[in-house]
Amino acid sequence: MSEQRTRPVVYAVWLIFASVVGWFAAFQLIMEKITKLENPDAVSNCYVSVMIQCDVNLNSWQGEVFGFPNPILGVTLWMAPLVVGVALLAGARFPRWFWLAFGAGVTFAFGFVIWLIGQSLYASNLGVLCPWCMATWSVTIPTFFATMLHLTRNGTFSRNEKVRERANRLMPWVPLATILAYAFIILLVQLRGLDLLGEVIGMIF
């Protein structure tokens with residue numbers, strides 16, 4: 001499967017879509033942060049309930065793990081897949097080192113998201129779900145799956161034709177893999193909810 005013969009249109013369109021969603025979610029989080037700095041008593045637009053809100057996450061150390069608010073990473077780094085997606089639609093071809101760097105960046109984003117999910121569910125100072133964070137999670141996960149398969153089928157990871165062809169055949173299964181990943185996260189949320197409920201009942205009785 002040669003990238004020279006086949007333009008990855010679907011993958012390119014997905015990168016553009018995911019970038020727009022991810023960038024918009026990060027921008028909304030930055031606006032929420034600014035609003036809170038200007039007026040600490042203001043009710044955030046993303047506040048749904050005690051368990052679903054952005055405030056706790058934004059004000060936690062996990063919300064600025066690199067010394068600045070995490071959403072700044074989002075509005076900056078989501079530009080990369082947007083540019084790559086547009087370039088691919090235009091017929092651009094990138095060298096192997098570029099794809100390796102891009103894959104490393106997507107892998108970092110995926111790992112960071114997994115860590116944030118774990119922190120949101122199990123860290124004692126959090127225990128809430130951030131709507132805009134979840135929007136970012138929802139596009140980062142399939143972007144990782146699709147990128148790993150694309151980098152396999154375009155020869156970045158392997159020159160073996162059979163391996164590349166298998167990766168190409170697996171690409172249509174990315175939506176199913178994504179749904180399963182979402183289902184697993186929902187299961188973790190439900191189990192965590194039951195744990196918290198048990199703790200509350202234990203404190204009462």
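Model, not experiment: these values are computed from the prediction.

Draft legend 1. Representation of the overall build of the chain within the structure. Across its full length, the chain holds eight helices and zero strands. Moving toward the C terminus, one meets the helices and strands of the chain in the order α-α-α-α-α-α-α-α. In the chain, which comprises 205 residues, the share counted as buried stands at 42%. Just so you have it, the chain exposes about 11,500 Å², and 71% of that area is on carbon and sulfur atoms. Where the 13 positive side-chain charges of the chain centre and where its 10 negative ones centre are 22 Å apart.

Draft legend 2. Quick look at the packing of aromatic side chains. On inspection of all chains with the given rule, the structure shows 16 aromatic pairs. Geometrically, the ring pair formed by Phe98 and Trp99 is edge-to-face, given 6.1 Å between the ring centres and 80 degrees between the ring planes. According to the relative accessible area criterion, Trp99 is buried, its value standing at 1%. For the pair Phe110 and Phe144, a centre-to-centre distance of 4.0 Å together with 5 degrees between the ring planes defines the contact as stacked. Remark: Phe144 occurs in helix H6 (residues 131–153) and Phe110 occurs in helix H5 (residues 96–122); sequence separation between them is 34 residues. An aromatic cluster is built from Trp61, Phe66, Phe108, Phe112 and Trp115, whose rings are joined through pairwise contacts.

Draft legend 3. Structural detail: the environment of Val65. In this structure, Val65 sits in the loop between helix H2 (55–58) and helix H3 (70–77). Sequence spacing of Val65 and Leu15 is 50 residues, and the spatial spacing of their C-alpha atoms is 26 Å. With residues up to four places along the chain from it excluded, the contact list for Val65 reads Asn70, Phe112 and Trp115.

Draft legend 4. Main features of the state of the cysteines. Tallying each qualifying case throughout the model produces one disulfide. What pairs with Cys46 in a disulfide is Cys54, and their sulfur atoms sit 2.2 Å apart. A relative accessible area of 4% places Cys46 in the buried class. What makes Cys54 buried here is its relative accessible area of 0%.

Draft legend 5. A look at the pattern of salt bridges. What the rule picks out here adds up to three salt bridges. Notably, a salt bridge pairs Lys36 with Asp55, separated by 3.4 Å at the nearest N-O pair. With Lys36 in helix H1 (residues 9–38) and Asp55 in helix H2, this pair connects stretches of sequence that are 19 residues apart. Since its relative accessible area comes to 17%, Lys36 is described here as buried.

What counts and what doesn't
- Residues numbered from 1 in each chain as written.
- Predicted model: local features only at pLDDT ≥ 70, side-chain atom pairs only at ≥ 80, totals over all residues.
- Heavy atoms only, no water.
- Helix = DSSP H or I, 4+ residues; strand = E, 2+ residues; numbered from the N terminus.
- Buried < 20%, exposed > 50% of the residue type's maximum accessible area, 1.4 Å probe, protein only.
- Areas by Shrake-Rupley, 256 points an atom, 1.4 Å probe, with all protein chains shown as cover.
- Lys, Arg positive; Asp, Glu negative; His and termini not counted.
- Charge placed at Lys NZ, Arg CZ, Asp CG, Glu CD.
- Phe/Tyr/Trp six-rings, centres within 6.5 Å; stacked < 30°, edge-to-face > 60°.
- Contact = heavy atoms within 4.5 Å.
- Disulfide = S-S within 2.5 Å.
- Salt bridge = Lys/Arg side-chain N within 4 Å of Asp/Glu carboxyl O.

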